[in-house]
Amino acid sequence: METIKAIHARKTIRDFQDQVIPVDILETLLQAGLKAPSNNHMREWEFILLQDRQKRIALLDQLLHPVGEKGALDIIDRWGLKDEDQRAMYLDAIPKQYAMLAQAACLILPCFNQPSPLLSPKTLSDLNAFASIWMCIENILIAAADVGVFGVVRIPMEDEREKLKELLNIPAAYEIPCFLALGYPADDARSAKQVQINLQEKMHLDQW
Ligand SMILES: Cc1cc2nc3c(=O)[nH]c(=O)nc-3n(C[C@H](O)[C@H](O)[C@H](O)COP(=O)(O)O)c2cc1C
C-alpha cells in the first residue's frame, strides 16, 4: 500500500480476531517505529511485548476494573459530552478497555527515557522525549495498517502507570506513554465514525 493510503486506512480497532501477528511482521512494525525522529538523536525507546496470555491477564487483573455500558453512560454524561459521534465512540470504547488489551494479538508497552519528571515539565522541551515516542507509536500504527493490522492506544491511569513500572521492573528513568494493542480486526469489529475536517477551514494564511 502506498504510504498515504496506509495513513488513510489507519483507524482505531478494539475488537480483534484470535490470530497471532507473525514475528517478522511485528518486527517490521517496530522497525518502522524506530525510524521515527527523536529529539536527542538517540531513540531511547524500549518495547515490552506482553505475549504470554496468562501473564498478561494476571497483570491486567491487577490494573483495570471493567466498566459496563451503564458505567460508560454515567462517565460520558459526567463529562458533559454532546456530540453524538463522540458519545457513540466512548460508549463503544469504555466497556472494551479491559477486553481489547486482553484479546489483542500483541500488547506492547512502549517505554521511553524521560530525563526529568514527566508530570512537572517547566518548558515544552521537557516534553521532547514524550513527543518523540508518540511519533514512534504513530509510525507503528501506520506500518500496521499497511499490512492489515490495526489497534488502539490506551493511556494508563496514574495508578496503572505506577503499578506497571513496579510489576514489570521498568527502570525508574523510563516512562510508559500508553498500552499499544495490535491485532487483526474481528469480522464484526466496530470503528468509530471519524470526524470529517474541512481542511480549508483549518488553514490560516500568514496569520490566524
Ligand atoms: C493520545 C490518545 C489517547 C487515547 N486514549 C485511548 C484510551 O485510553 N482508550 C481507547 O480505547 N482509545 C484511546 N484512544 C483512541 C481514540 O479514541 C481514537 O483515536 C479516536 O476516537 C479517533 O478514532 P480513530 O483512531 O479511529 O481515527 C486514544 C488516542 C490517542 C491519540
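Further up the page is the structure itself.
To start, this report covers the structure provided alongside it. No experiment lies behind these values; they were computed from the predicted model shown.

**Focus on the site of the ligand**
Around the ligand lies a shell of 13 residues, among which Lys11, Thr12, Ala93, Arg154 and Ile155 are the nearest. Elements represented by at least two residues in the shell around the ligand include exactly helix 5 (84-93) and strand 3 (150-154). Sort the elements by how many residues they give to the shell around the ligand and strand 3 lands first, with three residues. Here the residues of the shell around the ligand are counted per class, giving six nonpolar, four polar and three charged.

**Some thoughts on the nonpolar core**
One finds Ala104, Leu107, Ile140, Ala144, Ala181 and Leu182 to be the most contacted residues of the largest nonpolar core, which totals 36 residues. Of all elements in the fold, only helix 2 (23-33), helix 6 (97-103), strand 2 (106-113), helix 7 (128-146), strand 3 and strand 5 (179-183) reach the threshold of two or more residues within this core. No other element matches helix 7, which puts 10 residues into this core. Those residues within four positions of Ile140 in sequence are excluded, and the remaining contacts are Leu29, Leu30, Ala32, Gly33 and Leu180.

**Quick word on the pairing of strand 2**
Counting buried positions along strand 2 gives seven out of eight residues, so the element sits mostly inside the fold. Direction of pairing for strand 1 (residues 45-49) relative to strand 2: antiparallel, over a ladder of five bridges. Paired with Ile48 across the strands is Leu109, a residue of strand 2. As defined by bridge partners, strand 2 adjoins strand 5 across three bridges and the pair is classed as antiparallel. Bridging from a neighbouring strand, Cys106 pairs with Leu182 of strand 5. Where strand 2 meets strand 4 (residues 174-175), two bridges bridge the pair, whose relative direction is antiparallel. Counted as the bridge partner of Asn113 is Tyr174 from strand 4.

**As for the packing of helix 4 (residues 69-78) against helix 5**
Relative orientation of the contacting elements helix 4 and helix 5 amounts to 140°, with a least axis distance of 9 Å. With respect to helix 5, the axis of helix 4 lies oblique. The element helix 4 and its partner helix 5 pack so that their crossing is right-handed. Two secondary-structure elements touch here, helix 4 through Glu69, Ala72, Leu73 and Ile76 and helix 5 through Arg87, Tyr90 and Leu91. Broken down by class, the residue content of the contact of helix 4 with helix 5 amounts to five nonpolar, no polar and two charged.

**Notes on helix 7**
In a regular helix each residue adds 1.5 Å, so 19 residues correspond to 27 Å; helix 7 covers 27 Å between its end C-alpha atoms and thus fits that length. Taken as a whole, helix 7 has its buried residues at Ala129, Ser132, Ile133, Cys136, Ile137, Ile140, Leu141, Ile142, Ala143, Ala144 and Ala145. On its buried face, helix 7 sits against helix 1 (3-9), helix 2, strand 1, strand 2, strand 3 and strand 5. Phi turns positive one or two residues past the end of helix 7, at Gly148, with a value near 80°.

How each quantity is defined
Residues numbered from 1 in each chain as written. Predicted model: local features only at pLDDT ≥ 70, side-chain atom pairs only at ≥ 80, totals over all residues. Near = placed C-beta within 6 Å. Helix = DSSP H or I, 4+ residues; strand = E, 2+ residues; numbered from the N terminus. Nonpolar A, V, L, I, M, F, W, Y, C, P; charged D, E, K, R; others polar. Core = buried A, V, L, I, M, F, W, Y, C linked by C-beta atoms within 7 Å. Buried ≥ 20, exposed ≤ 12 C-beta atoms within 10 Å, placed from the backbone. Contact = placed C-beta atoms within 7 Å. Pairing = 2+ DSSP bridges. Axes fitted to C-alpha atoms, helices over the stretch in contact; angles between N-to-C directions. Parallel < 35°, antiparallel > 145°, perpendicular 65-115°, else oblique. Left-handed = near helix turned anticlockwise from the far one by under 90°. Expected span 1.5 Å × (residues − 1).

Read these as layout, nothing more, since geometry by itself doesn't imply function.
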